Amino acid sequence: MDKRDEQPFNVADIVKRAKLALNLKKDSDLAGHLGVSRSTLSNWMARNSIDFALLLDRLREVDYNWLLTGKGVPRRSHSYCDSELACGEVELLHNPKTPEALDDRSVTLYDVTAAANLRTMLEDRPQYALGKILIPNIPRCDGAIYVSGDSMYPILKSGDIVGFKTIHSFSSIIYGEMYLVSFNRGGDEYLTVKYVNRADDPDCLKLTSYNTHHEPMDIPVASISYMGIVKFSIRKNMMM
């Protein structure tokens, strides 16, 4: 099997979308915009590996999810968070399938590390609330928490904030979207942010990282105590 088939992304497609977003016709034009040689860009496509940090830094106005996966729209939404907890541009990671009224909304930021698990945190919200962040024009959320680990890098980095909306039935899962998943394995409770996909076993869900250093996991549905779809992220380097 071609190693490219094992990757969750295709660099040649990313290059095409980058040129489309920048209205560039040639690979050499994109290479010039990125500040690399044409041969470097060709090597990236040949190896199916790219300098993500450079790419995302040079295309800040492009929606990262669309650039890397082709999902969503090319341009990032320009919502901003401004509070004592966090400030900066907010990236929408999930576009609602149905319209809803948008206005200035506050989202509670929780300290999930102080709770036994995410369900405990949400059942006793005030105890774990760190404060509220104000984000204009954001979909309704049940809360926000800090991300830890690098399994979704470079889309999410450790220390980023994600907002989430609880799903109450597994039948409402939108496969291929990013979720907060709390599950039990070997008597220990785990909380992770992953893409959720169908597994070969109908009694399991496949949790997939964006970072290829992390292997996909098949998790029994019966072991999952909570799921929430990720609605937005706030990058750590934008925080106060």
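Structure: above.
Residues numbered from 1 in each chain as written. Predicted model: local features only at pLDDT ≥ 70, side-chain atom pairs only at ≥ 80, totals over all residues. Heavy atoms only, no water.

Undergrad: Explain the packing of helix α1 (residues 11–22) against helix α2 (residues 27–34) here, please?
TA: Any two packed helices are characterised by how steeply their axes cross, that is the angle between the axes, and by the distance between the axes. The geometry of α1 relative to α2 is characterised by a closest axis approach of 10 Å and an angle of 80° between their N-to-C directions. For the element pair α1 / α2, the angle class is roughly perpendicular. Only D27, L30 and H33 of α2 make contact with α1, whose side of the interface consists of V15, A18, K19 and L22. Taken together, the residues of the contact of α1 with α2 break down into four nonpolar, one polar and two charged. (Axes fitted to C-alpha atoms, helices over the stretch in contact; angles between N-to-C directions. Helix = DSSP H or I, 4+ residues; strand = E, 2+ residues; numbered from the N terminus. Parallel < 35°, antiparallel > 145°, perpendicular 65-115°, else oblique. Contact = heavy atoms within 4.5 Å. Nonpolar A, V, L, I, M, F, W, Y, C, P; charged D, E, K, R; others polar.)

Undergrad: I'm lost on the nonpolar core in this one. Help?
TA: The nonpolar side chains of a soluble globular protein tend to be buried, and buried together. L67 and M121 are the most contacted members of the largest nonpolar core, which totals 44 residues. Examining the composition of this core, we find that five residues originate from one element, α1, more than from any other. I173, Y179, V181 and V196 belong to the second largest nonpolar core, which has twelve residues in total. (Core = buried A, V, L, I, M, F, W, Y, C linked by side-chain atoms within 4.5 Å. Buried < 20%, exposed > 50% of the residue type's maximum accessible area, 1.4 Å probe, protein only.)

Undergrad: Whenever I open this one, the environment of I219 confuses me. Can you help?
TA: Relative to the helices and strands, I219 is located in strand β10 (residues 217–220). Judged by relative accessible area, I219 falls into the buried class, the value being 1%. Sequence separation between I219 and C204 is 15 residues, and the spatial gap between their C-alpha atoms is 5.2 Å. Setting aside anything within four residues of it in sequence, one finds I219 in contact with F183, R185, D203, C204, L205, L207 and I224.

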